[in-house]
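# Structure at a glance
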There are 2 protein chains.
Amino acid sequence: MPEGSFPAELSSVAIVGAGQVGTMVGMALREAGAPDVSLFDRDPGVAQESIGRGAGDRSLADAGQALRADTLVLALPVPAIVSFLDDLGPSFRAGSFVIDTGSAKGRVVEAIRRSVPQGVHAIGGHPIAGTERPGPAGARPRLLQEAPFILTPARPDEVALARGEALARALGSRPLVLEAEAHDRLIARTSHLSHVLAFALAFVAGDAVREGERLRAIEGPGFTGATRLSSSDPGMVAGFLTANAEEVHRAIEDLHRALYAVSAAIDGGEHQLAKALAAARDALERSR
Amino acid sequence: MPEGSFPAELSSVAIVGAGQVGTMVGMALREAGAPDVSLFDRDPGVAQESIGRGAGDRSLADAGQALRADTLVLALPVPAIVSFLDDLGPSFRAGSFVIDTGSAKGRVVEAIRRSVPQGVHAIGGHPIAGTERPGPAGARPRLLQEAPFILTPARPDEVALARGEALARALGSRPLVLEAEAHDRLIARTSHLSHVLAFALAFVAGDAVREGERLRAIEGPGFTGATRLSSSDPGMVAGFLTANAEEVHRAIEDLHRALYAVSAAIDGGEHQLAKALAAARDALERSR
């Protein structure tokens, strides 16, 4: 979106959480011409670093001040988003717009329904963009360009939906409306399972190394890529895996079954295995 | 390696298999100044395409002609390498140098011991470089630069080792000598398991999609990266997984256990999970 085309209805923006995602969103909004972006982080040093990178005009001394903004963006780990909604939701201003950026949405929309008054325009949000590098230094606003920005409605609210779409477009992203259930089911098996596997693979490979051996000497780009997500912040990953625990457990069970099928196909020989691998690839290609 | 510095002892080179790896090796050798590179592929069209990309000076009408070269490079799927060694090994010329490029080495060194006469300088080889794109079109010789090139001796043979190292350096790679057992154990848990996981994840994600849903709309770079290897040629992957079946089975069992540990840690809550994830990441970092 060109400078100056920031949607007027979003007006003043407060971002709570100045980590990688909050910083990325703030930088993109200011590039889009947002007139007033304030930031809160419980670590004032992180807020300052984020502002230093251009993510906001000023930092807020406490989280409560963020409630004065017309648009409130909660860019926290998922469990902290839920706590924030439950603790401060009842104090949100009528007519204001509230959205989050967490990667598990069932818990978030439940908290909105439970704790945010009807006159507040609240909706779940999830920008599918980011890096494995935590903190403001990991923010790459260009990753939001053309990225999916999923909106998960908590209740019928055309204003919340319209502002969510306007925010997504202001960031350069493609808004997509999904039920929280569908979001959590699919994200458990794409993003969340990808994270689980990167850490599990890191452990298995690291554990196989004996005295005097170094993985660096033998690893290629395939393995480096497959373990890349294991350098994500463990606390952030633990946050979204526990918040989406039910679907993540199901996804891991699905994966156990898929691995048993691969093992059986290996025993069935090269031809059977090649067929099974091609079928797995095709299942993904068909669903894309 | 600059042009013209091709090691004289390698002399004439014949490459059997003009797919991605054979083409990549041929292109790199000719760039290094190899004076005579011939190619055989059972599909003459593939051999011609490979030569068109600069991987060789001429193609051979049958595999037996490759045995006239001083250096023979077997760039075939692993089971085909083993068959080639068993079928034609007894006819290899005394004093010639033979190496392969397969990613499972136990079976290859056994076939060398079993079928290649002592006077032939044969050694197992594995360049850790390549793309998921099959055929000559997937060849990227620059990926060999600084890549590990693992050499797995089949028996005491200083000439085979020296020529293997000279070949690896001519390709721009870093030669590394490993026992076939160590190679197969580590590669099963790095490269091979990464491939298994990419296909298993592709299946699980594809299978979770319901009528009217598209993964493309919600997938981010993490998932795209985690499933990238599932566009590898299923036949090639089936070849190295079955050739290294014993270690791949063990690696998959290790992974089942690692996933059970992650599941238990999710149930233990955010803090326990974050600790478990950090420990997995650290196991990899320590072993690199």
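A short tour of the structure in this document, coming up. (Residues numbered from 1 in each chain as written. Chains lettered and ligands numbered in written order. Predicted model: local features only at pLDDT ≥ 70, side-chain atom pairs only at ≥ 80, totals over all residues. Heavy atoms only, no water.)

## A word on the overall build of chain A
Cut-off, in case you're wondering: The numbering of helices and of strands both runs from the N terminus, where a helix is a DSSP run of H or I of at least 4 residues and a strand a run of E of at least 2. The globule rule is 2.2 Å times the number of residues to the power 0.38, and the radius of gyration it is compared with is taken over C-alpha atoms. For this analysis, residues touch if any pair of their heavy atoms sits within 4.5 Å. Here, Shrake-Rupley sampling with a 1.4 Å probe gives the accessible areas, and only protein chains in the shown set may cover a residue. Charge convention: Lys and Arg are scored as positive, Asp and Glu as negative, and His as well as the terminal groups of each chain are ignored. Throughout, a charge is located at the NZ atom of Lys, the CZ atom of Arg, the CG atom of Asp or the CD atom of Glu.
Check the secondary structure of chain A and you find 10 helices and 8 strands. The C-alpha radius of gyration computed for chain A amounts to 21 Å, which stays within 12% of the reference 19 Å derived for 288 residues, consistent with globular compactness. With the C-alpha coordinates of chain A rotated into their principal frame, the extents come out at 65 × 45 × 35 Å. Excluding contacts between residues fewer than 6 apart, the proportion of contacts in chain A whose partners are at least 24 apart in sequence is 73%. By element, 51% of the accessible surface of chain A is carried by carbon and sulfur atoms, the whole surface being about 10,900 Å². Taking the average location of the 29 positive side-chain charges in chain A and that of its 35 negative ones, the two points are 2 Å from each other.

## Quick word on helix 1 (residues 20–31) of chain A
Residue and element names in this part refer to chain A. Our working definition: To estimate how far a helix should extend, the number of its residues minus one is multiplied by 1.5 Å. Three exposure classes are used, based on accessible area relative to the maximum for each residue type with a 1.4 Å probe and protein chains only: buried under 20%, partly exposed in between, and exposed over 50%.
End to end, helix 1 covers 17 Å across 12 residues, agreeing with the expected 16 Å (1.5 Å per residue, within 8%). A large share of helix 1 lies buried, amounting to 9 of its 12 residues. Within the sequence span of helix 1, burial applies to Gln20, Gly22, Thr23, Met24, Val25, Gly26, Met27, Ala28 and Leu29. Packed against the buried residues of helix 1 are strand 1 (13–16), helix 2 (44–52) and helix 5 (158–170). Note on helix 1: the residue one or two positions beyond its end, Gly33, has a positive phi of about 100°.

## What about the interface of chain A and chain B?
Size of an interface: often given as the accessible area lost when the parts come together. The following threshold applies: The buried area of a pairing is the accessible area, by a 1.4 Å probe, that goes missing from both parts when the two are put together, added over both. Any Lys or Arg side-chain nitrogen found within 4 Å of a carboxyl oxygen on Asp or Glu counts as a salt bridge.
Between chain A and chain B, the contact holds 83 residues from the first and 82 residues from the second. Taken together, both faces of the contact between chain A and chain B bury some 7,400 Å²; the carbon and sulfur share is 71%. On the chain A side of the contact with chain B, Ile218, Leu259 and Arg288 of chain A bury the most area, a combined 10% of that side's loss. Summed over the shared surface of chain A and chain B, the result is 6 salt bridges.

## Quick notes on unusual backbone geometry
With phi around 50°, Ser11 of chain A is a residue other than glycine that occupies positive phi space. Relative to the helices and strands, Ser11 of chain A resides in the segment before strand 1. A positive phi angle is found at Glu146 of chain B, which is not glycine, with a value near 70°. Relative to the helices and strands, Glu146 of chain B resides in the loop between strand 6 (121–127) and strand 7 (148–153).

## As for the sheet that holds strand 4 (residues 71–74) of chain A
Residue and element names in this part refer to chain A. Applied cut-off: In this description, strands pair whenever DSSP reports at least two bridges between them.
Pairing within the open sheet is mixed, and its 8 strands lie in the order 3-2-1-4-5-6-7-8. Looking along the sheet, the strands with just one partner apiece sit at the ends: strand 3 (58–59) and strand 8 (174–177). Two strands pair when backbone bridges link them, and strand 6 (residues 121–127) and strand 7 (residues 148–153) are joined in this way by 5 bridges, in the antiparallel orientation. Across the sheet, residue Gly125 finds its bridge partner in strand 7, namely Leu151.

## Description of the packing of aromatic side chains
Residues and elements named next belong to chain A. Where we set the bar: Two rings from Phe, Tyr or Trp (for Trp, the six-membered ring) form a pair when their centres are within 6.5 Å of each other. A pair whose planes differ by under 30 degrees is stacked, one over 60 is edge-to-face, and the rest are tilted.
Under the criterion given, the structure shown has 2 aromatic pairs over all chains. Each ring, one from Phe84 and one from Phe92, has its centre 6.3 Å from the other, and the planes form 40°; the classification is tilted. The buried category is assigned to Phe84, whose relative accessible area is 8%. The class for Phe92 is buried, based on a relative accessible area of 6%.

## Focus: the nonpolar core
Condition: The set of buried Ala, Val, Leu, Ile, Met, Phe, Trp, Tyr and Cys residues whose side-chain atoms join them within 4.5 Å is what this entry labels a nonpolar core.
Core analysis: the biggest nonpolar cluster contains 138 residues, and Leu72 and Leu85 of chain A together with Leu72 and Leu85 of chain B have the highest contact counts within it. One finds Ala34, Val37, Ile99 and Leu171 of chain B within the second-largest nonpolar core, a separate group that totals 33 residues.

## With respect to the sheet that holds strand 3 (residues 58–59) of chain B
Taking strand neighbours across the sheet as the criterion, the 8 strands line up as 3-2-1-4-5-6-7-8 (chain B) in an open arrangement whose pairing is mixed. One side of each edge strand has no neighbouring strand; the edge strands of this open sheet are strand 3 and strand 8 (174–177) of chain B.

## Observations concerning the relation of the copies chain A and chain B
Where we set the bar: A least-squares superposition brings the copies together, and it is based on the C-alpha atoms of residues with pLDDT no lower than 70 in both.
Note on the identical chains: chain A maps onto chain B by a rotation of 180° and an axial translation of 0.0 Å, with an RMSD of 0.1 Å. The transformation relating the two chain copies, once decomposed into turn and shift, fits a two-fold axis. Measuring from the rotation axis to each C-alpha of chain A, the shortest distance belongs to Ala226 of chain A, at 2.7 Å. An overlap of 99% is found between the interface residues of chain A and their copies at the interface of chain B, pointing to a shared contact surface.

## Section: the pairing of strand 6 of chain B
All names here are of chain B. Here is the rule we go by: Whether a crossover is right-handed depends on one test, that the path from the first strand over the helix to the second runs clockwise when the strands point away from the viewer.
Across the 7 residues of strand 6, 7 count as buried, placing the element largely inside the fold. Side chains of strand 6 alternate between two faces, with His121, Ile123, Gly125 and Pro127 and Ala122, Gly124 and His126 buried alike. Bridge count between strand 5 (residues 97–100) and strand 6: 3 bridges; the pairing is parallel. Its bridge partner lying in strand 6, Val98 is registered against Ala122. The handedness of the strand 5 to strand 6 crossover, carried by helix 4 (residues 106–115), is right-handed.

## Brief notes about the side chain of Arg185 of chain B
Put simply, the rule reads: N or O atoms within 3.5 Å of each other form a polar contact, as long as, within protein, one can give a hydrogen and the other can take it, and as long as residues adjacent in sequence are counted only when both atoms are side-chain atoms.
Counting through the fold element by element, Arg185 of chain B comes out in helix 6 (residues 180–207). A relative accessible area of 5% means that Arg185 of chain B is categorised as buried. A polar contact is formed between the side chain of Arg185 of chain B and the backbone oxygen of Ala208 of chain A, at a distance of 2.9 Å. Contacts of Arg185 of chain B, omitting those with residues within four sequence positions, involve Ala208, Arg210 and Glu213 of chain A together with Glu247 of chain B.

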